Amino acid sequence: MSGIPVGARGTFELVVGPEHLANRFKDSMLPEVLSTPVMIMVMENAALNAIKPFLPPGQTAVGTHVDVAHLAATPVGRRVSGEATVTRVDGRQVEFEVRALDGTQTIGAGRHRRAVIDLARFNERLRTAAPQ
């Protein structure tokens, strides 16, 4: 994992649609605004995009920790951009500063961690762990 440089950056964008709304995941009484889980997904995808160019074939990274604040509501139709910057690499663990913006303001910010995995080994573990 030493090939992943501190400072590597990634982005991910999403246009908020009906399937991304808080009133779909939680309380149907909520207004039509972006849900926190979808905002986190945008941040996680930005983090993965920051390190993908440095991963050898057959490797990817899974999220292991998220610590973010959802700072502002985002209505349907607005484009949300996630940004991630690698802040630390320790073996297979990669840490990021993440944020999400909706074109007018920062709507979320925090830290995220991912673990680099060998996909074949990961899939084999899942296969052998599955109930028979």
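Cut-offs and rules
- Residues numbered from 1 in each chain as written.
- Predicted model: local features only at pLDDT ≥ 70, side-chain atom pairs only at ≥ 80, totals over all residues.
- Heavy atoms only, no water.
- Helix = DSSP H or I, 4+ residues; strand = E, 2+ residues; numbered from the N terminus.
- Buried < 20%, exposed > 50% of the residue type's maximum accessible area, 1.4 Å probe, protein only.
- Contact = heavy atoms within 4.5 Å.
- Areas by Shrake-Rupley, 256 points an atom, 1.4 Å probe, with all protein chains shown as cover.
- Lys, Arg positive; Asp, Glu negative; His and termini not counted.
- Charge placed at Lys NZ, Arg CZ, Asp CG, Glu CD.
- Core = buried A, V, L, I, M, F, W, Y, C linked by side-chain atoms within 4.5 Å.
- Expected span 1.5 Å × (residues − 1).
- Pairing = 2+ DSSP bridges.
- Axes fitted to C-alpha atoms, helices over the stretch in contact; angles between N-to-C directions.

Looking now at the overall build of the protein. Broken down by element type, the protein carries three helices and five strands. Starting at the N terminus, the α and β elements of the protein follow one another as β-α-α-β-β-β-β-α. The buried share of the protein, reckoned over its 132 residues, is 36%. Within the protein, counting contacts between residues at least 6 apart in sequence, those at least 24 apart form 66% of the total. With an accessible surface of roughly 7,400 Å², the protein has 53% of that area assigned to carbon and sulfur atoms. For the protein, the distance from the average position of its 15 positive side-chain charges to the average position of its 13 negative side-chain charges is 5 Å.

Right, let's get into the environment of Arg-125. For Arg-125, the position within the fold is in helix H3 (residues 119-129). Owing to a relative accessible area of 56%, Arg-125 belongs among the exposed residues under this scheme. Separated by 117 residues in sequence, Arg-125 and Ala-8 place their C-alpha atoms 30 Å apart.

The subject of this paragraph is the environment of Leu-101. When you line up the elements, Leu-101 lands in strand S4 (residues 93-101). Given the relative accessible area of 18%, Leu-101 is considered buried. For the pair Leu-101 and Ala-72, spaced 29 residues apart in sequence, the C-alpha separation works out to 9.4 Å. Ignoring anything within four residues of it in the chain, the contact list for Leu-101 reads Arg-79, Val-80, Ser-81, Glu-83, Thr-106 and Ile-107.

This part is about the nonpolar core. Note that soluble globular proteins tend to have their nonpolar side chains buried in a common cluster. One finds Ile-51, Val-86 and Phe-96 to be the most contacted residues of the largest nonpolar core, which totals 27 residues. Among the secondary structure elements, those contributing two or more residues to this core are helix H2 (36-51), strand S3 (79-90), S4 and strand S5 (106-118). By residue number, the principal contributor to this core is H2, which donates nine residues. Setting aside chain neighbours within four positions, we find Ile-51 in contact with Ile-4, Ala-61, Val-86, Val-94 and Phe-96.

In a regular helix each residue adds 1.5 Å, so 16 residues correspond to 22 Å; H2 covers 23 Å between its end C-alpha atoms and thus fits that length. Along H2, the positions that sit buried rather than exposed are Val-38, Met-39, Ile-40, Val-42, Met-43, Ala-46, Ala-47, Leu-48, Ala-50 and Ile-51. Residues of H2 that are buried make contact with strand S1 (9-15), helix H1 (22-25), strand S2 (59-70), S3, S4 and S5.

Spatially, S1-S3-S4-S5-S2 is the arrangement adopted by the five strands of the open sheet, whose pairing is antiparallel. Edge strands, defined here as strands with exactly one partner in the open sheet, are S1 and S2. Pairs of neighbouring strands in the sheet enclose a mean axial angle of 25 degrees, with direction left out of account. Two strands pair when backbone bridges link them, and S1 and S3 are joined in this way by seven bridges, in the antiparallel orientation. Across the sheet, residue Glu-13 finds its bridge partner in S3, namely Ser-81. H2 contacts S1, S2, S3, S4 and S5 of the sheet and is inclined by roughly 145 degrees relative to S1.

Fair warning: the whole summary comes from geometry, so function is off the table for now.
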